[in-house]
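Remarks on the overall topology
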Amino acid sequence: AFQVEQYLSKTQILELYLNLIFMGGDDINGVELGSIYYFNKSAKDLTIAECAYLAGINHKPNYYKPFADFANRQDPEAAKKEMKEDINKRTKTVLGKMKELTYITEEQYNEAIAEVDKGLAFSQGDGSRVTTELSYQTEAAIEQIIEQMMNEFNISKDVAEINLYSGGYKIYTTIDQNVQNTLEAELVKDKYAINSPDKKQKAMSSMVVIDHTTGNVVGAAAVKGADAERTAKTRLGYFNIPKDLLKSTGSTMKTLSVLVPGLETGAINAATVYYDGATVFGGGYNPKNYYGGYKGLMNIRTAITISANIPNVKALANAGMEKCYEFLSSVGIETNGNEGLPLALGGFDGTSTLNMAAAYGAIANDGVYIEPTFYKKIERKNGDIVLKTTQNKRRVFSKEVAYILKELLTQPVLGENGTATYCKISGVDVAAKTGTTDENYDRWLCGFTPY
């Protein structure tokens, strides 16, 4: 108790208690859920008598059960009458104490007693209906704030959650509601509910949009592929697909694992030529092209345009794995450090939609990586700032390399036989790279526009 009072006022302690207390029923906790369960309305709409009932049952919630089934009792009617008498007695005890301590007037007391004598208007509601659906962007903001509270205030996750959920804070997220609404409306369309070959699953879709100049995540959405109603929402505390689900990236990794380290070390440039032909690398690694067969001599520009595999693996071999691992780590993409040349084609455990958006954002931002954030700040009711986002900002490759990368990544959109020609937007420069994993199990598109 002493430690709790170092952090919270009496009022805050009471507020926490009222939000956590067991109220009976089927795992009903907190007076808001209790109010819905017993009276089918919010606690703010309760009468004084109804409040007294909820306050009175906390010592033994399942003893005062207005919805109890008395069918198995020897005399059901007598049992119901006894329960009503117990409820009334307990509620009147609370009302009497409220009047004694001058929390209510004599007139309010008399009105409440009359309501109890008439019979409290119990109406069983569904306590689970207050479960809130959130955007994946907002869910991620909450997760980020809780983690920052744990680190900055040196508190446990449980204490951080209680602090956030009951603090009455104003939270400023980075969401652009127009972007978020567009993502959610798009991803639930039937055209994305693609059946797997064995028809046991439907495809899952995920998308993240970042303002690369600030690192602000302005939209994040995902749709689970169940046959039930498809939704782009999540529930508080549920798994955050855009932020946390790791998937193999396919050829979208070529930009990050091949082009950046290759250009930065000077091992390659856009005109460097490699032979696209059958090649066995060290350890017996024998990659194939997705288009089948080989196309002979080609430069890096063409290899990226058509997403040729062999030239890109050769380019990574020239640049060296050490620089590749170093760069990927600098933009938040973790590897085991022993994947070797298959990393050129996305051959690793995978990463999240969020991480890929942030990494490509570094290219759009002229080689400066900004750790993505889902919120800006949180304030108390009086305007005092409780937390501000902390973002690491660092240069991960030169502005000159970024310039070349931007130009190269327009080729899959504009070039002959480009893999992303469907991304053309009239009057807007678009950079994009596609990726597919074995048997098209996963498909990616990563890219950016100037804004």
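Residue positions are given per chain, counting from 1 as you read along its sequence in written order. Where local features are concerned, this predicted model is filtered to residues with pLDDT of at least 70; where side-chain atom pairs are given and counted, the filter is 80 or more; whole-chain, interface and lining totals use all residues. Side-chain numbers here rest on the full set of heavy atoms in the structure, without hydrogens or water.

Scanning the protein from terminus to terminus reveals 17 helices and 13 strands. Each radius of gyration is computed over the set of C-alpha atoms, and the globule rule expresses the reference value as 2.2 Å times the number of residues to the power 0.38. For the protein, the C-alpha radius of gyration of 30 Å lies well beyond 22 Å, the compact-globule estimate for 451 residues. Accessible area is worked out with a 1.4 Å probe on protein chains only. A residue is then buried under 20% of its type maximum, exposed over 50%, and partly exposed in between. Going through the 451 residues of the protein one by one, you find that 44% of them count as buried. Across the protein, every contact between residues at least 6 apart in sequence was considered, and the portion connecting residues at least 24 apart equals 62%. His residues and chain termini do not enter the charge count, which takes Lys and Arg as positive and Asp and Glu as negative. Here the site of a charge means atom NZ of a Lys, CZ of an Arg, CG of an Asp or CD of a Glu. Averaging the coordinates of the 48 positive side-chain charges in the protein and doing the same for the 54 negative ones gives two points 2 Å apart. The way it works is that DSSP assigns letters per residue, a run of H or I at least four long becomes a helix, a run of E at least two long becomes a strand, and they are numbered from the N terminus. In this analysis, two residues are considered to be in contact whenever any of their non-hydrogen atoms come within 4.5 Å of each other.

What follows concerns the nonpolar core. In plain words, nonpolar cores are sets of buried Ala, Val, Leu, Ile, Met, Phe, Trp, Tyr and Cys residues tied together by side-chain atoms within 4.5 Å. Among the nonpolar cores identified, the biggest contains 68 residues, and Met149, Leu256, Ile333 and Phe397 are the most heavily contacted of them. Every residue in contact with Leu256, bar those within four places of it in the chain, is listed here: Pro261, Phe327, Leu328, Ile333, Met356, Ala359, Tyr360 and Ile363. Ranked by size, the runner-up nonpolar core spans 25 residues in total, among them Phe39, Leu54, Leu95 and Ala112.

Across a sheet, strands are paired by hydrogen bonds formed along the backbone, either parallel or antiparallel in direction. Two strands pair if DSSP finds at least two bridges between them. Pairing within the open sheet is antiparallel, and its three strands lie in the order E2-E9-E10. Strand pairing shows two members of the sheet lacking a second neighbour, strand E2 (170–173) and strand E10 (385–388), which therefore form its edges. The mean inter-strand angle of the sheet, taken between neighbouring strand axes irrespective of direction, is 15°. The pairing of E2 with strand E9 (residues 375–379) spans four bridges and is antiparallel. Counterpart to Ile171 in the pairing with E9 is Ile378. Across the sheet, helix H7 (residues 136–153) touches E2, E9 and E10, and the angle it forms with E10 is around 105°. Inter-axis angles, ranging from 0 to 180 degrees, are taken between N-to-C directions of lines fitted to C-alpha atoms, where helices are fitted over the stretch in contact.

As paired strands, E9 and E10 are joined by three bridges and run antiparallel to one another. Considered in E10, the bridge of Glu379 is made with Ile385. Where E9 folds back on E10, the antiparallel hairpin that results is connected by five residues, among which Gly383 adopts a positive phi of roughly 95°.

The next point concerns the packing of aromatic side chains. Pairing of aromatic side chains requires ring centres within 6.5 Å, counting the rings of Phe and Tyr and the six-membered ring of Trp. Pairs whose planes differ by under 30 degrees are stacked, by over 60 edge-to-face, and all others tilted. Tallied over the full model, the rule gives 12 aromatic pairs. A centroid spacing of 5.6 Å and a plane angle of 90° characterise the contact between Tyr37 and Phe67, whose relative ring orientation is edge-to-face. A residue pair is termed long-range when its members are at least 10 positions apart, and Tyr37 in helix H3 (residues 31–39) and Phe67 in the loop between helix H4 (48–56) and helix H5 (76–100) qualify at 30 residues. Accessibility expressed as a relative area gives 14% for Tyr37, which makes it buried. On the numbers, 6.1 Å between centres and 15° between planes, the contact of Tyr38 with Phe67 is stacked. With Tyr38 in helix H3 and Phe67 in the loop between H4 and H5, the pair connects residues that are 29 residues apart, well separated along the chain. You can call Tyr38 buried: its relative accessible area is 2%.

Considering the arrangement of structural elements, one finds Thr305 in helix H12 (residues 300–305). Put simply, Thr305 and Thr434 are 129 residues apart on the chain and 9.7 Å apart in space, counted from C-alpha to C-alpha. Apart from residues no more than four positions distant in its own chain, Thr305 is found in contact with Gln411, Pro412, Gly415, Glu416, Asn417, Gly418 and Thr419. Looking at Thr305, its side chain comes within polar contact range of the main-chain oxygen of Arg301, at 2.7 Å. Distance and chemistry together define a polar contact, namely a pair of N or O atoms within 3.5 Å, with one atom able to donate a hydrogen and the other to accept it when in protein, and with adjacent residues in sequence counting only for side-chain atoms on both sides.

Attention now goes to the pattern of salt bridges. One speaks of a salt bridge when a side-chain nitrogen belonging to Lys or Arg is within 4 Å of a carboxyl oxygen belonging to Asp or Glu. Evaluation of the coordinates by the stated rule reveals 17 salt bridges. Across the pair Glu106 and Lys99 runs a salt bridge whose closest N-O atoms are separated by 3.6 Å. Classification of Glu106 as partly exposed rests on a relative accessible area of 46%. The partner of Glu186 in a salt bridge is Lys191, and the shortest N-O contact between them spans 3.7 Å. Residue Glu186 is classed as partly exposed on the basis of its relative accessible area, which comes to 26%. In this structure, a network of salt bridges that share partners links the residues Glu143, Lys243 and Asp244.

Turning to helix H15 (residues 353–364), a few remarks are in order. Taking 1.5 Å per residue as the helical rise, H15 with its 12 residues ought to reach 16 Å, and the 17 Å between its terminal C-alpha atoms agrees with that figure. In terms of burial, H15 is largely enclosed, as 12 of its 12 residues are buried. Remark: Asp366 follows H15 within two positions and exhibits a positive phi of approximately 60°. A helix's residues, less one, multiplied by 1.5 Å, set its expected span.

For strand E12 (residues 431–436), the buried fraction is high: five of the six residues fall into the buried class. As paired elements, E12 and strand E13 (residues 443–448) share six bridges and run antiparallel to each other. Its bridge partner being in E13, Ala431 is matched across the sheet by Phe448.

Our focus in this paragraph is the packing of H4 against helix H6 (residues 106–118). Between H4 and H6, the shortest axis-to-axis distance is 8 Å and the interhelical angle comes to 75°. On the basis of their axis angle, the class for H4 and H6 is roughly perpendicular. Contact residues: H4 offers Ile48, Ala49 and Glu50, while H6 offers Gln108, Ala112, Glu115 and Val116. Nonpolar residues are Ala, Val, Leu, Ile, Met, Phe, Trp, Tyr, Cys and Pro. Charged residues are Asp, Glu, Lys and Arg, and all others, Gly as well, are polar. Split into classes, the residues belonging to the contact of H4 with H6 amount to four nonpolar, one polar and two charged. Here is the rule for angles: anything less than 35 degrees is roughly parallel, anything more than 145 is roughly antiparallel, 65 through 115 is roughly perpendicular, and the remaining ranges are oblique.

A word on the side chain of Thr272. Mapped onto the elements, Thr272 comes out in the loop between helix H11 (253–265) and strand E6 (273–276). For Thr272, the side chain forms a polar contact with the main-chain nitrogen of Asn269, separated by 2.8 Å. Ignoring any residue separated from it by four or fewer positions in sequence, one finds Thr272 in contact with Met298, Asn299 and Ile300.

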